[in-house]
Amino acid sequence: MPKNIPLINREISWLSFNDRVLQEAADKSVPLVERIRFLAIFSSNLDEFYRVRVATLNRLSSVNTKSKELLGFNPKKTLNEIKNIVVQQENKFNHLYRDIILKELEQQKIFILNEQQLNVSRGLYVQNYFREKVLSTLVPVMIDKNEPFPELKDRAIYFFVRLVQNKNLEKSRLALIEIPTAGTNRFLELPETNKLKFITLIDDVIRYCLDEIFFIFKYDQIESYSIQLTRDAELNLDKHVSEKFIEALTKSLNKRSKGRPMRLLYDKDMPLDMVNYLVDKLDLNIDGLIPGNRYHNFKDFITFPNVGDASLEYSPLPSLPVNGLSIMSSIFAQIAKRDYLVNLPYQSFDYIIHFLREAAIDPKVKEISITLYRLAENSRVIHALINAAKNGKNVYCFLELKARFDERANIYWSNKLEEGGVIVNYGILDYKVHSKICLVKRQERGHIKYYSNLATGNFNEKTAKLYGDHSLFTANPEINAELVKLFEGLRTQTFYKGYTHLIVSPLESRQKLNSLINQEIKNAKAGKTAYIILKMNSLTDEEVIAKLYAANNAGVNIKLIIRGMCCLVPGVKGFSERIEVISIIDRFLEHARVWIFANSGKEKVYLTSADIMARNLDHRVEVGFPILDQEVKAEILKIIDIQLNDNSKAREINQQNNNRYRKTKSKVPVRAQTDIYHYLKYKK
């Protein structure tokens, strides 16, 4: 591993990314209800960060005294730095919600009321709702101070309740109430009055009616404070890919809710003696103690109801057609003539569904092979594959059971597929199958011909409306011949090398990426045109970063578009003066991975499923693929050019790590996602 190169710690870089999400919630040009949803995304991201990354750091910090030497940084020091940053972000979050967004909602005549702000009529409405819909779902647990503390579920919201009589705190009673949020609406719309809209949370419905829960006890004071515990979500698995593996995975998922406590988010108004009590009972590290506001699991605000006018949300962007590609004609006949690119979410995922449905019913189609990672809740992809199997096709599905937080859903889908006659494989030992590829085998005039779809994002129609990805249809015989070899390797659990066109992890991605960078270095030294443009979700691999620094020093100009983590430090003399890094955060999640190399003026363009992280290059099955069709290549280059010129939603990644909005010389505002939509809409 390279030594003494400038690096940003990946966890700190991730927190910087989440701060960019918080910036969207603060941006007054973003519609108000959408800003609330960005708060929800920030909160959900942070939950996952603690469940996975902080959990891993805690494990590393307790392994041995050599962890700093092995990792290159001190995990305990990093954990402390994480806490300091998170506390600052939580304060920013609370200020934004309480002091800005709530006031802006009020200007729109929308009021979020807590239990103390209910008048008599609204209080009666809440009370009736509580008795009819909520009370039967509550199971209060009385706490005996001499008994073990009740097991808290991962990420569930609880009220920590204290019943006090005659101001005697020592003899007070304690209780826990789990707030029923799973599968229910967190928000209750109250009757409108004089064109004023009122909303309250289920949390406050329960607070308003606490007396109806604890009426059998004697008390003259009742206090309740929200708490939420985040646990270690990493899994320890039996590695055998078989029924035993599925059984082991299911057991591990059940244990996930009982993992080691990582973070206790608590209402900052909770008295110190109650906080200390929880810390003692939960055996929680002090670094995991995070003061917050009265509402936790803010991720539920992603479904915050818009009771105002349409201007409070983004205007809908109807899906655009792909030029020359018709859903009303045979998709195979069209792909046979040329390649087509679907740019999601601007263009419709229905093209992919149409591809699978036609394959399912076409008598000439003999076989379908596909890799699946994350699926929609009611997946039309799954239904098409089952339909194909019922129509006598051989359908091979490589379903990754270890897709983090989708494991349970993927076990469900694997059972459905097998019941429908699909041949299901569960990936490869120790390697996640993260590629997004589909290959259709078709018999035409006595010969076999292949058609494929290769993508940067999942075969998931739900996320396809939210994630920016590219999906390529091709009948190119050279690419498809290599896909045949790749799927054969997946079926036999064999890693092949020697692909000419595809860039496949885990054996060749690192080698081929280094080779492409080395060629730019060679060209720069020879005075030829040399540049690199890379777009991805995350850049953390230190070996590749060192190689990019070497390219910088050889005179290669490098532009990076990175949504999330970026451990490379741009603008450092002797390392990265020619490297510019931006991050675009907007209404859609930037998810595409694109590699562009100048190649002496004959640009090479690749799309890939892989981020530039050690796990993607060395420990997953990933597939990168070249763009050979000149029209498709020009389209990708134009989209990337628009993103590189964004001066509205692009932030600089810099040495200061301050997420400064990027300024360009142009006086014309460029907002990449809006401008890409218009480019595709009017493109001839």
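Residues numbered from 1 in each chain as written. Predicted model: local features only at pLDDT ≥ 70, side-chain atom pairs only at ≥ 80, totals over all residues. Heavy atoms only, no water.

A. Quick peek at the packing of helix 11 (residues 350–361) against helix 12 (residues 380–390). For the pair helix 11 and helix 12, the least separation of the axes is 8 Å and the interaxial angle reads 10°. Taken together, the axes of helix 11 and helix 12 are roughly parallel relative to one another. With respect to the hand of their crossing, helix 11 and helix 12 are arranged in left-handed fashion. In this structure, helix 11 uses D350, I353, L356, R357, A360 and I361 to contact helix 12, whose residues at the interface are R380, V381, A384, L385, N387 and A388. Across the contact of helix 11 with helix 12, the residue classes tally to 8 nonpolar, 1 polar and 3 charged. (Axes fitted to C-alpha atoms, helices over the stretch in contact; angles between N-to-C directions. Helix = DSSP H or I, 4+ residues; strand = E, 2+ residues; numbered from the N terminus. Parallel < 35°, antiparallel > 145°, perpendicular 65-115°, else oblique. Left-handed = near helix turned anticlockwise from the far one by under 90°. Contact = heavy atoms within 4.5 Å. Nonpolar A, V, L, I, M, F, W, Y, C, P; charged D, E, K, R; others polar.)

B. The arrangement of the nonpolar core in detail. Formed by 48 residues in total, the largest nonpolar core has its most connected members in L39, Y50, I82, L105, F301 and F304. Those residues in contact with L105 that sit more than four places away from it in its chain are L32, I36, I110, I112 and F304. (Core = buried A, V, L, I, M, F, W, Y, C linked by side-chain atoms within 4.5 Å. Buried < 20%, exposed > 50% of the residue type's maximum accessible area, 1.4 Å probe, protein only.)

C. Layout of the pattern of salt bridges. The final tally for this structure, using the stated rule, is 41 salt bridges. With a closest N to O distance of 2.8 Å, R37 and E313 form a salt bridge. Taken together, the residues span a long stretch of sequence, with R37 in helix 2 (residues 32–61) and E313 in the loop between strand 9 (289–292) and helix 10 (331–335) at a distance of 276 residues. Looking at R37, the relative accessible area reads 16%, which means it is buried. A relative accessible area of 26% places E313 in the partly exposed class. (Salt bridge = Lys/Arg side-chain N within 4 Å of Asp/Glu carboxyl O.)

D. Here's a closer look at the sheet that holds strand 5 (residues 187–193). Spatially, 3 strands are ordered 1-6-5 in an open sheet, and the strand pairing comes out mixed. Single-partner strands in this sheet number two, and they are strand 1 (110–113) and strand 5. For this sheet the average axis-to-axis angle between neighbouring strands, irrespective of direction, equals 25°. Bridge count between strand 1 and strand 6 (residues 196–201): 4 bridges; the pairing is parallel. Paired with F111 across the two strands is F198, which belongs to strand 6. Contacts from helix 5 (residues 120–134) reach strand 1, strand 5 and strand 6 within the one sheet, and its direction differs from that of strand 5 by about 145°. (Pairing = 2+ DSSP bridges.)

E. Focus on the packing of helix 2 against helix 4 (residues 75–107). At a minimum axis separation of 11 Å, helix 2 and helix 4 run at an interaxial angle of 165°. One finds that helix 2 runs roughly antiparallel with respect to helix 4. Classified by chirality, the crossing of helix 4 by helix 2 is left-handed. Taken together, the residues of the contact of helix 2 with helix 4 break down into 20 nonpolar, 4 polar and 4 charged.

F. Quick peek at the side chain of Q89. One can find Q89 in helix 4. Residue classification places Q89 among the buried residues on the basis of a relative accessible area of 5%. Contacts of Q89, omitting those with residues within four sequence positions, involve L15, D19, L22 and F42.

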